[in-house]
Amino acid sequence: MHPQATPNHQDDFKLKDTHPKLGERWPHGGIRGGGGWISSDRATSTYDLVEQMYYLYVRVVKGKDLPVNPVTGSCDPYVEVKLGNYRGKTKHFEKRTNPEWNQVFAFSKDKIQSSVLEVYLRDREMVGRDDYVGKVVFDMNEVPTRVPPDSPLAPQWYRLEDRQGQSKVRGDIMLAVWMGTQADEAFPEAWHSDAASVQGEGVFSVRSKVYVSPKLWYLRVNVIEAQDVETPDKTQLPQVFVKAQVGNQILKTKLCPTRTTSPFWNEDLIFVAAEPFEEQLVLTVENKASLSKDELVGRVSLPLTTFEKRLDHRPVHSRWFNLERFGFGALEGDRRHELKFATRIHLRACLEGAYHVLDESTMYVSDTRPTARQLWKQPIGILEVGILSAQGLLPMKTKDRTTDAYCVAKYGLKWVRTRTILDSFNPKWNEQYTWEVYDPCTVITLGVFDNRHLGGAERSAAAKDSRIGKVRIRLSTLETDRIYTHSYPLIVLQTSGLKKMGELQLAFRFTCLSLANIIYLYGHPLLPKMHYLHPFTVSQLDTLRYQAMIIVGARLGRAEPPLTKEVVEYMLDVDSHMWSMRRSKANFFRIVSLFSGIMSMSRWLGEVSHWKNPVTSVLVHVLLFILICYPELILPTVFLYMFIIGLWNFRFRPRHPPHMDTKLSWAEAVHPDELDEEFDTFPTSKQQDIVRMRYDRIRSVAGRIQTVVGDMATQGERFQSLLSWRDPRATSLFVILCLIVAVALYVTPFKIVVLVAGLFFLRHPRFRSKLPSVPSNFFRRLPARADSML
């Protein structure tokens, strides 16, 4: 098996500039005294980052005095709105002559094929065809245009007509018909003709929605001690531990080292809890009766609302809680709940409001605010994102070869989901959203998904929405008040290799509210100060982040329509911590590239000292003499040099926000077996021989890393051994040398020392030896602690 060949079209994986027609176009081609599209950088509309889309809106409000069926003596009315081949229906009411529907229908102007809009009122029949009651007909040329921020169009009563439209019949319906854009207030809740084929519950998952992440808290439970612990076996003292549970999170204290009725732990257990608090803290004290058996001693359930909310690092008062007793015989019945004499447990518990509860990777964090709203600062900017369209999507459903795409964006606590465009490889959403920004060094994440919850064989409720691609934008890389319009490639790594799924067209702008606050933030920690005053361990942070992701996914999955678990996990990078040979290679070469600057500098110095370019070497000699004569110029020269480099690099500054780099990710020539390993389940589901081969490969890679780390440790230990007398002769020589050098430096001017050292380093190659230098030989002979390793 050979590594896959590098794709020929590298430009497919790069960012592309686009030039969409953003902003509003007023009716008949005019803009507030001008003509054509708004061309200024800052348009006055709130929808200036999307292309304008026109819709015919029909609001069906209510009916009155509707005729009853002479056979059944009742009327079960509903309204059918028909425009060309598109038909939309309201819900029906049973036995109602004055129904109220209050539903809106939206028909895309691009797909209008008829010059007449027909609104039918029908009487629903259980058997046979629904009865025709009446209709209202509108000429499309007479429909008015509404331009926000105008007030909504007032609905009117219309008398129903017969089939031929020649005479009026009994009954009136209230309607409003107008032409508008996606900026209309009716747009989000309207029935769209694009989704006319979706029926039932699938209608809800087609519409655009805004979601808010639950408010997350860290629950800190300090289990101090317990008193009067009793077990059924009176002959033996108990040896107990405490198990704490909040929802699906279970943590245990260590086993008390001594057998006693008053055990002491003083351990912190940290949980993630979400408002509104639905779970309780359940504490159980268990006795280690044997290696394989734990006896339940007592239990207590505490609502999370009983704990105080801490906004700083001040100490919290501890409290004693009585436990319900268990296992003291069936004859006692409910008497075990009596609190005459019970085991007590000593706790210090609080809800931490000064931490930011991480539910996403710290590398791509989108919010750094603490939980408590009282500690929030003022926003420093506004992020506006226009989700325009996608181009060239691949068919995601294998059976009917279609794609029903929608886009999800996540920043801070706010998630947005565009409407689903059915059966299109080039969907156009043109929806605009706004976020408040509290820190510029944050990332907005956008993902495109295929909707599988629309009904049908591959669109069932049990199906999972499949990933199409993801885009990340770091706000600190954006210029303020500039509109960026780019087409982002949607790149996905699959078991078959790297694949481009299409392109996502975006327009976004970061508006600065306070430049002084932004500059002020750059000198402050990214996370709230409690993360540094009382930090969590790395393992605690990983566990808590995983629990926070589960809670966020569960809560957003309860919305209507739900933001499904697989969508939330993909947006929050749930699998970023999993082992991958590809990621290991990528990170290794990232480290190598960091040292490339040092290596190139050392190569340049080597060329100067070996007189490869005599002119450069002479200029360096001149610079050395100048700095020796005027040592006060050394530091100013260094900083001036960095200033000049910074100005020179300004010409080559990146013009686009950074995007996924396939070469940096080591994804273009990845080995197929390494891909298969990356997408393997945890624990593995592969056969034994494959697992053995992969285990041996990891051992070989880890062996190389181990060797490099060992070599670095050896060099450091050799420095320590200079004065540790581990090698008495070497230390004696070094100590005597230090004395001689100290005396020589004392009697010799510092300028002369630096000048001699510089001239010695820059000496001509004819005065050099090819053998290693004396200091290098001396250093390599020093002992290290590697001799003591097994």
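The structure displayed is predicted, hence computed values, not measured ones.

Undergrad: So, the overall build of the protein chain: which residues are in play, and what are the values?
TA: The helix and strand inventory of the protein chain stands at 12 helices and 31 strands. Rg of the C-alpha trace for the protein chain: 36 Å, well past the compact-globule value of 28 Å for 790 residues, more than 25% over. For the protein chain, the C-alpha atoms occupy an extent of roughly 120 × 90 × 55 Å along the three principal directions. Sorting the 790 residues of the protein chain into buried and exposed places 43% on the buried side. Carbon and sulfur atoms provide 58% of the accessible area of the protein chain, an area that totals close to 44600 Å².

Undergrad: Report on the packing of helix H5 (residues 581-609) against helix H6 (residues 614-629), specifying residues and quantitative values.
TA: Running from N to C, H5 and H6 cross one another at 95°; their axes reach a closest spacing of 8 Å. When the axes of H5 and H6 are compared, the pair comes out roughly perpendicular. Along the contact surface, H5 presents Trp604, Glu607 and Val608, while H6 presents Thr616, Ser617 and Val620.

Undergrad: Can you tell me about the pattern of salt bridges, naming the residues and giving the values?
TA: A full pass over the atoms with the stated rule returns 33 salt bridges. Taking the shortest distance from any N to any O, the salt bridge between Glu286 and Lys243 comes out at 3.5 Å. Linking Glu286 in strand E18 (residues 280-290) with Lys243 in strand E15 (residues 240-246), this pair joins segments that are 43 residues apart in sequence. Ionic pairing is found between Arg369 and Asp367, a salt bridge with its closest N-O pair at 2.9 Å.

Undergrad: A description of the sheet that holds strand E30 (residues 483-494) should follow, citing residues and the corresponding values.
TA: Sheet strands pair via backbone hydrogen bonds, and the direction of the pair is either parallel or antiparallel. Strand order in the open sheet formed by 5 strands is E1-E30-E31-E24-E27, and the pairing between neighbours is antiparallel. Unpaired on one side and paired on the other, strand E1 (16-17) and strand E27 (428-437) mark the two borders of the sheet. Where strand E24 (residues 381-391) lies against E27, 8 bridges are found, and the strand directions are antiparallel. Counted as the bridge partner of Gly381 is Val437 from E27.

Undergrad: Outline the pairing of strand E8 (residues 116-123), supporting the account with residue identities and numerical values.
TA: Remember that side chains alternate between the two faces of the sheet whenever the strand is regular. E8 sits mainly inside the fold: 7 of its 8 residues count as buried. For strand E5 (residues 77-83) and E8, the ladder comprises 6 bridges, and the chain directions are antiparallel. The residue of E8 that forms the bridge with Val81 is Val119. Where E8 and strand E9 (residues 131-139) come together, 8 bridges link them in antiparallel fashion. Note on E9: the bridge partner recorded for Leu121 is Gly134.

Undergrad: Tell me about the side chain of Asn451, residues and numbers included.
TA: Note on placement: Asn451 falls in the loop between strand E28 (443-450) and strand E29 (466-474). A polar contact is formed between the side chain of Asn451 and the backbone nitrogen of His453, at a distance of 2.9 Å. Setting aside its immediate chain neighbours within four residues, Asn451 contacts Ser205, Lys397, Asp404, Tyr406, Arg417, Thr420 and Asp465.

Undergrad: For the sheet that holds strand E25 (residues 405-411), give the residues involved together with the corresponding values.
TA: What the 5 strands build is an open sheet, ordered E13-E26-E25-E28-E29; its pairing is antiparallel. A single partner strand is all that each edge strand has here, and the edge strands are strand E13 (209-212) and E29. Strand-to-strand twist of the sheet, defined as the mean angle between neighbouring strand axes without regard to direction, takes the value 20°. Inspection of the sheet shows E25 paired to strand E26 (residues 414-417) by 4 bridges, in the antiparallel sense. Paired with Ala409 across the strands is Val416, a residue of E26.

Undergrad: How would you sum up the packing of aromatic side chains? Please name residues and give values.
TA: Going through the model one piece at a time under the given rule, you end up with 18 aromatic pairs. Aromatic pair Tyr218 and Phe536: ring centres 5.1 Å apart, planes at 70°, arrangement edge-to-face. Residue Tyr218 is found in strand E14 (residues 216-227), and its partner Phe536 is found in the loop between helix H2 (530-533) and helix H3 (538-556); the two are separated by 318 residues along the sequence. Comparing Tyr218 with Phe536 shows no difference in burial state: the two are buried. Aromatic ring contacts, followed pair by pair, group Tyr55, Tyr57, Trp178 and Phe187 into a single cluster. Stacked on the ring of Trp435, the Lys or Arg Lys414 has its end atom at 5.3 Å from the ring centre. Over the ring of Tyr406 we find Arg417, and its NZ or CZ is 4.2 Å from the ring centre.

Undergrad: Account for a nonpolar patch on the surface, naming residues and giving values.
TA: Together, Ile591, Leu594, Phe595, Ile598 and Met599 line one region of the surface with nonpolar side chains, adding up to about 540 Å² of accessible area. When you line up the elements, Ile598 lands in helix H5.

Undergrad: Hey, could you go over the side chain of Lys135 for me, with residue numbers and the actual values?
TA: Here Lys135 shows up in strand E9. Within the buried core, Lys135 has no salt-bridge partner, and the shortest N-O distance to an opposite charge, that of Glu118, equals 4.5 Å. For Lys135, the side chain forms a polar contact with the main-chain oxygen of Arg163, separated by 3.0 Å.

Conventions used here
Residues numbered from 1 in each chain as written. Predicted model: local features only at pLDDT ≥ 70, side-chain atom pairs only at ≥ 80, totals over all residues. Heavy atoms only, no water. Helix = DSSP H or I, 4+ residues; strand = E, 2+ residues; numbered from the N terminus. Rg over C-alpha atoms; globule rule 2.2 N^0.38 Å. Buried < 20%, exposed > 50% of the residue type's maximum accessible area, 1.4 Å probe, protein only. Areas by Shrake-Rupley, 256 points an atom, 1.4 Å probe, with all protein chains shown as cover. Axes fitted to C-alpha atoms, helices over the stretch in contact; angles between N-to-C directions. Parallel < 35°, antiparallel > 145°, perpendicular 65-115°, else oblique. Contact = heavy atoms within 4.5 Å. Salt bridge = Lys/Arg side-chain N within 4 Å of Asp/Glu carboxyl O. Pairing = 2+ DSSP bridges. Polar contact = N/O pair within 3.5 Å; in protein donor to acceptor, adjacent residues only side chain to side chain. Phe/Tyr/Trp six-rings, centres within 6.5 Å; stacked < 30°, edge-to-face > 60°. Lys NZ or Arg CZ within 6 Å of the ring centre and 35° of its normal. Patch = residues over 30% accessible without salt bridge, like charges linked within 9 Å, V, L, I, M, F, W, Y side chains within 5 Å. Lys, Arg positive; Asp, Glu negative; His and termini not counted.

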